[in-house]
Amino acid sequence: MTTVRRCTAALAASAVLCVAFAPPAAAGGDRSPAPEPTAGRSPATAPSTMRTDPSSAPAQDSSGTGSAASGTESAAGTGSTVSGTDSAAAGTGSASAAGAAPGAATIVIPPGLYGDKDPTRDGVWRQSLSMLGQAAAQVRPGDQAVIWLKSQQCASGAFPAFRADPSVPCDEKTAVDTRSTAAAIQALSSLGEQQLPMDHAISWLRSVQNADGGWGQRPGTASDAGSTSLVIGALTAAGVRPSSVRTRNNAPSPEGKHAFDALVRLSIPCGAASGADAGAFAHRPDASGRLTADDGATAAAVLAGVGKRMVTSPVAPGAAPTCANMKGTETDPNADLPPERASRNGASYLAAALATTGHLEARPTAGADDGIRAPSPDFENTAAAVVALTTTGYGDRANIALEWLKQNCGAWAQASGPAAYAQLIFAAHATGTDPRNFGGIDLVQRLNETGPAPKYIAPAPAPGAATGTGPGGAATTATTAAESALGADERGVLWLVGIALVGGVGIGYLLGNRRRTGRA
């Protein structure tokens, strides 16, 4: 019995030592690569200046979508609406120093911020997407980029689109919004060891959740599909089950509504009555309660319906997506519609929309001459549709769009800025495509050049080793390595524990044998 007790004590001591020396788990399921010096924009670069139109103002929520694609700097004429953003939602900020109106105010671009365009409407958004794009490509952003993003967070936990002077506390005039906050959470989750600011931001999101379970871009505005989808992705990234975040009269309650309840209500029912919009998601109902298909809202909701965030991995393709109402009634076709079924209905809409030309079209918008601009290719939503289809197991339906992006994205991405490069990296990552050779463009290098020098850049894979198998196929070597990093660390810990246990058994055996020899 004495020998057994000694063996047990040795095993316990060995296990404690292993746990003590094991590497800590990182928030969001990601682990930080070891810092290495790399080339890029120097962190010591002096801040650049940007002239902006004095008429520019912080984004305001509106009842529809427009040209400000989820806060990215959109190229002129794209009119994209990624994630169903409102027309002034964390907007484009496309003014340049050369084209600014005389007498316009000068805006200083902080050295830690990606891009060189006016960040008033999209600073946090493009910073978050840039860092997510780098994470997908195994690039560790520089400390200055991380510090800038974290400095934007208000004491409430919320993030605004941009704070020119983070030393000035946020107040009731600070235009915080759910999209910037959700994007920042997802970016922080990719860094590891950022649970405190993530939890703080999630606490704020809980406090502004609408009674229907969803979120609008601004606190107090009606729920929309884009904002609700981004929050679902943020909750998932932070390890929070979205269906557990419920409200009842703005107070947490098990009987309250959750995000999926709000999202399903924005899904357009299947059937002939819905026409070509069947299965799509609307940004939000119009004044009469009618739902109209929104490509950006649909792409975002397809991801959210299966509980995914912006950066996803390939899923083996299956049968073509179909649209089905499940157990709906004549008066309420979406009654009891599961969120995953609504997601697949949205995928069927996206697949049909891409089938003809290989890309989505931006909605016509009013031009400066009060005329209607002709439809133009929607690069952002096309990239988002590739991610959504591939993630839900319909990657073969995204092949045509992926190839179209490779052939046509260069000028758009260069004009649009870092968030555009990041969104293309998302599409490459989801489809197992090498982002360093995306139609001949090194998306990773171009993204890195828009911000401070990264701390670490993973070596480029050998030629031919990272081509993948296209949408829905196996991940590239780089993708596999990035996603297996945490698993490799965990396997290392298990080996340590196993060795310690074997050692503990051996020590116990020797002690017991020594005791018996002494007695003899």
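Up top you'll find the structure we're talking about.
Residues numbered from 1 in each chain as written. Predicted model: local features only at pLDDT ≥ 70, side-chain atom pairs only at ≥ 80, totals over all residues. Heavy atoms only, no water.

Describing the packing of helix 6 (residues 225-237) against helix 8 (residues 295-305)
Viewed as axis vectors pointing N to C, helix 6 and helix 8 meet at an angle of 30°, and their least axial separation amounts to 8 Å. As far as their axial angle goes, helix 8 and helix 6 are roughly parallel. For the element pair helix 6 and helix 8, the recorded crossing hand is left-handed. Where helix 6 abuts helix 8, its residues Ala225, Ser229 and Ile232 lie against Ala297, Ala300, Ala301 and Ala304. Classifying every residue of the contact of helix 6 with helix 8 by side-chain character gives six nonpolar, one polar and no charged. (Axes fitted to C-alpha atoms, helices over the stretch in contact; angles between N-to-C directions. Helix = DSSP H or I, 4+ residues; strand = E, 2+ residues; numbered from the N terminus. Parallel < 35°, antiparallel > 145°, perpendicular 65-115°, else oblique. Left-handed = near helix turned anticlockwise from the far one by under 90°. Contact = heavy atoms within 4.5 Å. Nonpolar A, V, L, I, M, F, W, Y, C, P; charged D, E, K, R; others polar.)

Quick word on the nonpolar core
Here is a general trend for soluble globular proteins: nonpolar side chains tend to be buried in one another's company. Counting 99 residues, the largest nonpolar core has Leu149, Leu350 and Leu424 as its most contacted members. Top element by residues in this core is helix 12 (residues 418-431). It accounts for 10 residues. If sequence neighbours within four positions are ignored, Leu350 has contacts with Asp295, Thr298, Ala299, Val302, Leu360, Ala385, Ala388 and Leu389. (Core = buried A, V, L, I, M, F, W, Y, C linked by side-chain atoms within 4.5 Å. Buried < 20%, exposed > 50% of the residue type's maximum accessible area, 1.4 Å probe, protein only.)

Considerations on unusual backbone geometry
Phi is positive for Gln138, close to 60°, though the residue is something other than glycine. Mapped onto the elements, Gln138 comes out in the loop between helix 2 (123-136) and strand 3 (139-140). Even without glycine at this site, Glu193 takes up a positive phi of about 55°. Considering the arrangement of structural elements, one finds Glu193 in the loop between helix 4 (178-189) and helix 5 (195-207).

Things to note about the environment of Tyr114
Of note, Tyr114 is situated in the loop between strand 2 (106-109) and helix 2. Counting along the chain gives 14 residues from Tyr114 to Ser128, while the straight-line C-alpha distance between them is 9.4 Å. Other than its neighbours up to four places away in sequence, Tyr114 contacts Arg126, Gln127, Ser130, Met131, Gln134, Pro141, Ala145, Pro418, Leu447, Thr450, Gly451 and Pro452. There is a polar contact of 2.7 Å between the side chain of Tyr114 and the side chain of Gln134. (Polar contact = N/O pair within 3.5 Å; in protein donor to acceptor, adjacent residues only side chain to side chain.)

Considerations on the state of the cysteines
Summed over the entire model, instances satisfying the criterion amount to two disulfides. Across the disulfide, Cys154 is cross-linked to Cys170 (sulfur-sulfur distance 2.0 Å). Residues Cys154 and Cys170 are joined by a disulfide whose S-S torsion is about -75°; by sign, that bridge is left-handed. A residue pair is termed long-range when its members are at least 10 positions apart, and Cys154 in the loop between helix 3 (143-151) and helix 4 and Cys170 in the loop between helix 3 and helix 4 qualify at 16 residues. Disulfide pairing places Cys270 opposite Cys323 at an S-S distance of 1.8 Å. Around the S-S axis, the bridge from Cys270 to Cys323 shows a dihedral of about -80° and counts as left-handed. Taken together, the residues Cys270 in the loop between helix 7 (259-264) and helix 8 and Cys323 in the loop between helix 8 and helix 9 (339-354) connect sequence positions 53 residues apart. (Disulfide = S-S within 2.5 Å.)

Looking at the pattern of salt bridges
Across all of its chains, the model carries seven salt bridges by this definition. When the shortest N-O distance is used, the salt bridge between Asp143 and Lys455 registers 3.3 Å. With Asp143 in helix 3 and Lys455 in the loop between helix 13 (443-448) and strand 6 (456-457), this residue pair connects regions lying 312 residues apart in the sequence. We note a salt bridge from Arg344 to Glu340, for which the minimum N-O separation is 3.0 Å. (Salt bridge = Lys/Arg side-chain N within 4 Å of Asp/Glu carboxyl O.)

A word on helix 3
Buried within helix 3 we find Ala145, Val146, Trp148 and Leu149. For helix 3, the arc enclosing every buried residue in end-on projection is 160°, short of the 170-degree limit, so these residues lie on one face. Where helix 3 is buried, its residues touch helix 2 and helix 4. (Arc of directions from axis to C-beta.)

Side note on the side chain of Gln153
Mapped onto the secondary structure, Gln153 falls in the loop between helix 3 and helix 4. Among the polar contacts made by the side chain of Gln153, one reaches the main-chain carbonyl oxygen of Gly157 at a distance of 3.0 Å.

Section: the environment of Ala211
Of note, Ala211 is situated in the loop between helix 5 and helix 6. Overall, the relative accessible area of 46% leaves Ala211 in the partly exposed class. Separated by 35 residues in the primary sequence, Ala211 and Arg246 place their C-alpha atoms 8.6 Å from one another.

Examining the packing of aromatic side chains
Summed over the entire model, instances satisfying the criterion amount to three aromatic pairs. Judged by centre distance (5.3 Å) and plane angle (10°), the ring pair of Phe379 and Trp412 falls under stacked. Pair noted here: Phe379 is in helix 10 (residues 379-391) and Trp412 is in helix 11 (residues 399-416), with a separation of 33 residues, a long-range link. Summarising the burial analysis for this pair, Phe379 and Trp412 share the class buried. (Phe/Tyr/Trp six-rings, centres within 6.5 Å; stacked < 30°, edge-to-face > 60°.)

Regarding the environment of Asn399
Relative to the helices and strands, Asn399 resides in helix 11. Measuring from C-alpha to C-alpha, the distance between Asn399 and Gly358 comes to 8.4 Å, with 41 residues separating the pair along the chain.

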